[in-house]
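# Breakdown of the fold
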Number of protein chains: 2
Amino acid sequence: MNIIISNSDGMPIFEQIENAIKQAIFSNELKEEDMLPSVRSLANDLKISFLTVKRAYDELERGGFIKTVQGKGSFVAPKNLELIKEEKLKEIQDYIEKIYTISKISNISEEEVKELFKIIFEEEF
Amino acid sequence: MNIIISNSDGMPIFEQIENAIKQAIFSNELKEEDMLPSVRSLANDLKISFLTVKRAYDELERGGFIKTVQGKGSFVAPKNLELIKEEKLKEIQDYIEKIYTISKISNISEEEVKELFKIIFEEEF
DNA sequence: ATATCTGTTATATTTATATTATAACAGTTT
DNA sequence: AAACTGTTATAATATAAATATAACAGATAT
């Protein structure tokens, strides 16, 4: 698995790890029941504290993406299509919120945004 | 000018002020050469430190939205708002394209995206 | 000229969050 | 038993945001 972290992009390290692993799961680079790197080994590879990796894993477990068993390790949870869709809907929601903020600040009307939306969603036929 | 700040929405106060003033400029509530409230008076109104207001003003000046003169005050800069709006529309377009890609890949219908759009854009009062 | 606005700068402190180091503990596997 | 796993607790550090306070400097009206 290929995780690149950056100290300077505003996103906390634990969140960068979380996203990288989600991505690996979505792309099927990590398959169901695959074991994740141990908190200590990944921490070692990334030259960070294992507590930071643990935090990422804890979040992933809360989200239902992995299962962790003390003494054994962390494993990719059986894929749940609904979960994946939820995740993608969340991504879309984040983008729409950004659009909302920009439009509000820049005095761009809802109609103008809708128009762009229409153009992009309809031009692919 | 009507600025409402919140301590608990994740956005730093200086950024909330920044956005509120940008919005006032875009909506023409604040016109070219209009004087902004002094850092101290706005800080007083909002019950925050004048340094926080100063930071917001500094950012606005860096962005070319206002001009500040020591001893006189801060003033809305002459600006080509249409040009900025074009930039912002492009940003929005990029986001919509990302949304389009995600929705296609994840089998999320246009209707579902529209629904999210509605929810977020209607949260306003 | 001086009082009173304006912004500027410097210092120190507080708060919250992220991250770290370290140590001890607990379950699993070989 | 040794060597892996994860867990927990504590204390320390780093950073950004925001604060309080004080002193300084330019603009302006009276």
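Only a predicted model underlies this, so the values are computations on that prediction, with no experimental measurement involved.

### Details of the pairing of strand β2 (residues 73-76) of chain B
Residue and element names in this part refer to chain B.
- Alternating residues of β2 divide into Gly 73 and Phe 75 and Ser 74 and Val 76, and every residue in both groups is buried.
- Looking at chain direction, strand β1 (residues 66-69) and β2 are connected through four bridges and run antiparallel. Residue Lys 67 lies in a different strand from β2, and its bridge partner there is Phe 75.

### So, the side chain of Lys 22 of chain A
- Position of Lys 22 of chain A relative to the elements: it lies in helix α1 (residues 13-26).
- Leaving out residues up to four positions away in the same chain, Lys 22 of chain A has contacts with Leu 60, Phe 65 and Glu 87 of chain A.

### Digging into helix α3 (residues 50-62) of chain B
Residues and elements named next belong to chain B.
- Taking 1.5 Å of rise per residue, the 13 residues of α3 would be expected to cover 18 Å, and the 18 Å separating its terminal C-alpha atoms lies within 8% of that figure.
- Buried within α3 are the following residues: Val 53, Ala 56, Tyr 57 and Leu 60. Take α3 and look down its axis: the buried residues cluster within an arc of 95 degrees, on one side only. Of the residues in α3, the exposed ones pointing more than 90 degrees away from the buried face are Leu 51 and Arg 62.
- Elements in contact with the buried residues of α3: α1 (13-26), α2 (39-46), β1 and β2.
- Looking one or two places after α3, you find Gly 64, whose phi comes out positive at around 80 degrees.

### Quick word on the interface of chain B and chain A
- At the junction of the two partners, chain B supplies 31 residues and chain A supplies 28 residues.
- Carbon and sulfur atoms make up 79% of the area that chain B and chain A hide from each other, which totals about 3600 Å².
- The interface formed by chain B and chain A contains two salt bridges.
- In this structure, Glu 112 of chain B and Lys 85 of chain A form a salt bridge, with 2.9 Å as the shortest nitrogen-oxygen distance.

### Structural notes on the domain arrangement of chain A
Residues and elements named next belong to chain A.
- Each domain of chain A was delimited in the assignment, giving domain 1 (13-76) and domain 2 (81-122).
- For domain 1 versus domain 2, the distance between C-alpha centres works out to 30 Å.
- Each partner contributes residues to the interface: domain 1 has five residues there, and domain 2 has four residues.
- Across the domain 1/domain 2 interface, buried area totals approximately 390 Å², and carbon plus sulfur atoms make up 72% of it.
- For domain 1, the biggest contributors to the area lost against domain 2 are Lys 22, Phe 26 and Phe 65; these three give 82% of the whole.
- Our count for the contact surface shared by domain 1 and domain 2 stands at one salt bridge.
- Of the charged contacts, one joins Lys 22 and Glu 87 as a salt bridge, the two residues approaching to 2.9 Å between their closest N and O atoms.

### Topic: helix α4 (residues 81-105) of chain A
- With 25 residues, α4 of chain A extends 36 Å from end C-alpha to end C-alpha; this agrees with the ideal 36 Å at 1.5 Å per step.
- Restricting attention to buried positions, one finds in α4 of chain A the residues Ile 84, Glu 87, Lys 88, Leu 89, Ile 92, Tyr 95, Ile 96, Ile 99, Tyr 100, Ile 102, Ser 103 and Ile 105 of chain A.
- As for α4 of chain A, its buried residues are in contact with α1 and α5 (110-122) of chain A together with α1, α4 (81-105) and α5 (110-121) of chain B.
- For α4 of chain A, the side-chain oxygen to backbone nitrogen distance between the N-cap and Glu 82 of chain A is 2.9 Å, and the N-cap itself is Asn 80 of chain A.
- Taken from the residues just after α4 of chain A, Asn 107 of chain A is the one with a positive phi, measuring 60 degrees.

### Brief notes about the protein's contact with DNA strand C
- Close to DNA strand C lie 25 residues; Ile 13, Phe 14 and Thr 52 of chain A together with Arg 40 and Lys 54 of chain B are nearest.
- For DNA strand C, the backbone portion of the atoms within 4 Å of the protein, that is sugar and phosphate, comes to 61%.
- Taking Phe 14 of chain A, its main chain carries an N or O atom lying 3.5 Å from a phosphate oxygen of DNA strand C.
- Here Gly 71 of chain B contributes a backbone N or O atom positioned 3.3 Å from a base oxygen of DNA strand C.
- Secondary structure elements with two or more residues in the surface near DNA strand C: α1 and α3 (50-62) of chain A together with α2, α3 and β1 of chain B.
- Examining the composition of the surface near DNA strand C, we find that four residues originate from one element, α3 of chain A, more than from any other.
- Taken together, the residues that form the surface near DNA strand C break down as 10 nonpolar, nine polar and six charged.

The rules behind each value
- Residues numbered from 1 in each chain as written.
- Chains lettered and ligands numbered in written order.
- Predicted model: local features only at pLDDT ≥ 70, side-chain atom pairs only at ≥ 80, totals over all residues.
- Heavy atoms only, no water.
- Buried < 20%, exposed > 50% of the residue type's maximum accessible area, 1.4 Å probe, protein only.
- Helix = DSSP H or I, 4+ residues; strand = E, 2+ residues; numbered from the N terminus.
- Pairing = 2+ DSSP bridges.
- Contact = heavy atoms within 4.5 Å.
- Expected span 1.5 Å × (residues − 1).
- Arc of directions from axis to C-beta.
- Buried area = accessible area lost by both parts, 1.4 Å probe.
- Salt bridge = Lys/Arg side-chain N within 4 Å of Asp/Glu carboxyl O.
- Domains from an automatic or database assignment.
- Polar contact = N/O pair within 3.5 Å; in protein donor to acceptor, adjacent residues only side chain to side chain.
- Near = heavy atom within 4 Å.
- Nonpolar A, V, L, I, M, F, W, Y, C, P; charged D, E, K, R; others polar.

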